[in-house]
Amino acid sequence: MAFFMPKFGPPNYRRVGASAIVLDCGESTGAIQSRLGRIAHDGRAWRGVREAVAAAGNLTLLFDRTSTDFDTLEAQLDAAWTREAEDTAAARVVEIPVCYGGGDGPDLEDVAAACALACEEVIALHARAQYTVAFVGFLPGFAYLDGLDARLQQPRRAQPRTRVPRGSVAVAGNQSAIYPFDSPGGWHLIGRTDLAMFDPRREPAALLQPGDRVRFIPQ
Amino acid sequence: MSARSVRVERAGLQSLVVDRGRFGLRDQGVGWCGAMDARSFAAANALAGNDATAAAIEVVLGDVSVTFDCDARFALTGADCDAQLDDAPLAAWRSQSARAGSRIVLRRPRAWMRTYLAIEGGIDVPVVLGSRTTDLLAAMGGLDGRALRNGDCLLLGGPVAAPAIAEISPPRATFELRTIAGELAARLWQRTWTVGHQSNRMGYRLQGPAQPHEFGALRSHAVFPGFIQVPPSGEPIVLMADAQTTGGYPLAGVVVDEDIWMLAQAPLGASVRFVEAT
């Protein structure tokens, strides 16, 4: 039984290339992200679907043209969108231990200066918030976390780093994230965790899944 | 009886164990990886008598030598590296046999970028998340998640039946990429683009008569190999096998799957064109 009807309207559908269809909600609230995550989960089992990827307010199905088509998938997506309106599952909470600042978080002081806060306040604001995994993308196990305190929000670094160490805890825009591998990156690094964000021997391999709640625990 | 294996004496610039790719995990942020030139790769496996899912070696710009520890059928496809088997010229795109102890030498190719060496039984590295292919970003798959080094030993799967075909004609690379139009497609047509040096397995950066745009970044959406992204500079990036799973740039179009292999074979500095797919 649905106790409330979400306020957002029906999604738009867009066809990309010969074999990708995008469901676009036009915005990415927490309710939309969890709904998209559940539709992606269902969609993976549909005939001819090769990949189902939720991102920021949208969901893309890549399909095999020999076993399905745009019209069939659009109808399936539309039915799933209506069916998945209600979110009843209890979210899992994942705690991430973090060493803030120093060599682990080389941008902490710059972030504090840019936000006109003390370093301790940045840490407190980052660790006090509860985050929600909006989607996983960019790199294996890289989770985009919504819920960053408005006082910590700022654009990406003007000059991206060519190498961000694995485990780096970072902020940019209205999100936070943890780099699962050594990789290039443009977010501000404020701390580091030893937790493995991606492990191919684990099922699922990515530690954080869409809809999970995340808390950072200062060490 | 000797081990079914080959030894990599010279590993070259970036030789990788590849298969078709690691599929169905892009929602976990896992890219496909896999052979850049899927067409040459598939031909090599077929000529070695292997299953389409077997793993082979992808070589970039030749300069590789490999010695067999066992008798085995094999095939070379892709970039022509004036290959030799024990100092005798070796025809590519053809089913061949090597005796234990024989050595294949690849020189630098005069055209194209990537050569595939498929060996009977396939390269037997562990399957990680459904694939044997190397993912350099996540350091998984292939041989310890890395490019091959001098002295590496690669195990082979068991012998297989003789292939149904002995020879395949190499395809002709026109470097005209059939493309399905996206939002910014008007910027692609009737121009000649040059493959830039920052091109790699994740994406090919093209240089040419670009028009900068001010759309900035969009909300992140899923991207796939073949998608043509246009960053604010206006110079298109064609996503390739190792492409990231999400991106935020506007899309100029999508190169059809059947033509991506040509870009994988386009050397740095080569000219490519986009033509509208009908």
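Residues numbered from 1 in each chain as written. Chains lettered and ligands numbered in written order. Predicted model: local features only at pLDDT ≥ 70, side-chain atom pairs only at ≥ 80, totals over all residues.

1. Focus: the environment of Cys81 of chain B
Residues and elements named next belong to chain B.
- With respect to the secondary-structure elements, Cys81 resides in the loop between β5 (72-78) and β6 (84-85).
- Sequence separation between Cys81 and Leu61 is 20 residues, and the spatial gap between their C-alpha atoms is 8.1 Å.
- Beyond its immediate chain neighbours, meaning those up to four positions away, Cys81 contacts Gly62, Leu106, Arg107, Arg108, Pro109 and Thr115. (Helix = DSSP H or I, 4+ residues; strand = E, 2+ residues; numbered from the N terminus. Contact = placed C-beta atoms within 7 Å.)

2. Some remarks on the nonpolar core
- Formed by 146 residues in total, the largest nonpolar core has its most connected members in Ile190 of chain A together with Ala44, Ala56, Leu117, Ala118, Val238 and Leu263 of chain B.
- Those residues in contact with Val238 of chain B that sit more than four places away from it in its chain are Gly203, Tyr204, Leu206, Ile228, Val255 and Leu263 of chain B. (Core = buried A, V, L, I, M, F, W, Y, C linked by C-beta atoms within 7 Å. Buried ≥ 20, exposed ≤ 12 C-beta atoms within 10 Å, placed from the backbone.)

3. What to know about the interface of chain B and chain A
- Facing 26 residues of chain B, the contacting portion of chain A comprises 32 residues.
- Among the elements of the structure, β15 (221-222) and β19 (251-255) of chain B are those that each provide at least two residues to the side of chain B that touches chain A.
- When its residues are assigned to classes, the side of chain B that touches chain A shows 13 nonpolar, 10 polar and 3 charged. (Nonpolar A, V, L, I, M, F, W, Y, C, P; charged D, E, K, R; others polar.)

4. Description of the confidence of the model for chain B
- Averaged over chain B, the pLDDT score is 95; the fraction of residues at 70 or greater is 99%.
- For this predicted complex, the interface confidence score (ipTM) comes to 0.94, while the overall pTM stands at 0.93. (pLDDT = per-residue confidence, 0-100.)

5. A short note on the domain arrangement of chain B
Residue and element names in this part refer to chain B.
- According to the domain assignment, chain B consists of domain 1 (5-155) and domain 2 (176-276).
- Measuring from the centre of the C-alpha atoms in domain 1 to the corresponding centre in domain 2 gives 27 Å.
- The interface of domain 1 with domain 2 comprises 19 residues on the first partner and 14 residues on the second.
- Here the side of domain 1 that touches domain 2 gets 3 residues from one element, more than from any other, and that element is helix α1 (residues 38-48).
- In terms of residue class, the side of domain 1 that touches domain 2 is made up of 9 nonpolar, 6 polar and 4 charged. (Domains from an automatic or database assignment.)

6. Here's the deal with the environment of Leu73 of chain A
Residues and elements named next belong to chain A.
- By the element assignment, Leu73 lies in helix α2 (residues 70-83).
- For Leu73, a count of 23 C-beta atoms within 10 Å translates into the label buried.
- Each C-alpha atom of the pair Leu73 and Ala20 lies 9.8 Å from the other, and the pair is 53 residues apart in sequence.
- Among all residues touching Leu73, those that are not within four sequence positions of it are Ile21, Leu61, Phe63 and Thr68.

7. Considering unusual backbone geometry
- Across the junction of Glu203 of chain A and Pro204 of chain A, the peptide omega takes the value -5 degrees, indicating a cis bond.
- When you line up the elements, Pro204 of chain A lands in the loop between β12 (188-192) and β13 (213-218).
- Of note in the backbone geometry, Cys33 of chain B takes a positive phi value of approximately 55 degrees without being a glycine.
- Tracing the backbone through its elements, the reader meets Cys33 of chain B in the loop between β2 (16-18) and α1.
- For Cys33 of chain B, a count of 30 C-beta atoms within 10 Å puts it in the buried group.
- Backbone geometry places Phe175 of chain B, a non-glycine residue, at a positive phi of 60 degrees.
- Turning to its location among the elements, Phe175 of chain B is positioned in the loop between β11 (153-155) and β12 (176-181).

8. Looking at the pairing of strand β7 (residues 143-146) of chain A
Residue and element names in this part refer to chain A.
- Pairing of strand β6 (residues 131-136) with β7 involves 4 bridges; the strand directions are antiparallel. Looking across to β7, one finds that Val133 is bridged to Leu145.
- Taking the residues that link successive antiparallel strands as the turn, the β6-β7 hairpin has 6 residues, and the phi of Phe138 there is positive, at about 75 degrees.
- Pairing analysis gives 2 bridges linking β7 to strand β10 (residues 175-178), with the strands arranged antiparallel. What sits directly across from Asp146, in β10, is Gln175. (Pairing = 2+ DSSP bridges.)

9. Describing the sheet that holds strand β4 (residues 58-63) of chain A
All names here are of chain A.
- The strand order across the open sheet built from 4 strands is β1-β2-β4-β3, with neighbouring strands paired in antiparallel fashion. Taken across any chain shown, the strands that pair with only one partner, and hence form the sheet edges, are β1 (12-16) and β3 (49-54). Ignoring which end each strand starts from, the neighbouring axes of this sheet average 15 degrees apart.
- With 5 bridges connecting them, β1 and strand β2 (residues 20-24) associate as antiparallel partners. (Axes fitted to C-alpha atoms, helices over the stretch in contact; angles between N-to-C directions.)

10. Topic: the domain arrangement of chain A
Residue and element names in this part refer to chain A.
- Taken domain by domain, chain A holds domain 1 (12-83) and domain 2 (93-218).
- Here domain 1 and domain 2 have C-alpha centroids that lie 28 Å from each other.
- At the junction of the two partners, domain 1 supplies 8 residues and domain 2 supplies 7 residues.
- Among the elements that line the side of domain 1 that touches domain 2, the one with the most residues is helix α1 (residues 30-43), at 4 residues.
- Partitioning the side of domain 1 that touches domain 2 into residue classes produces 3 nonpolar, 5 polar and no charged.

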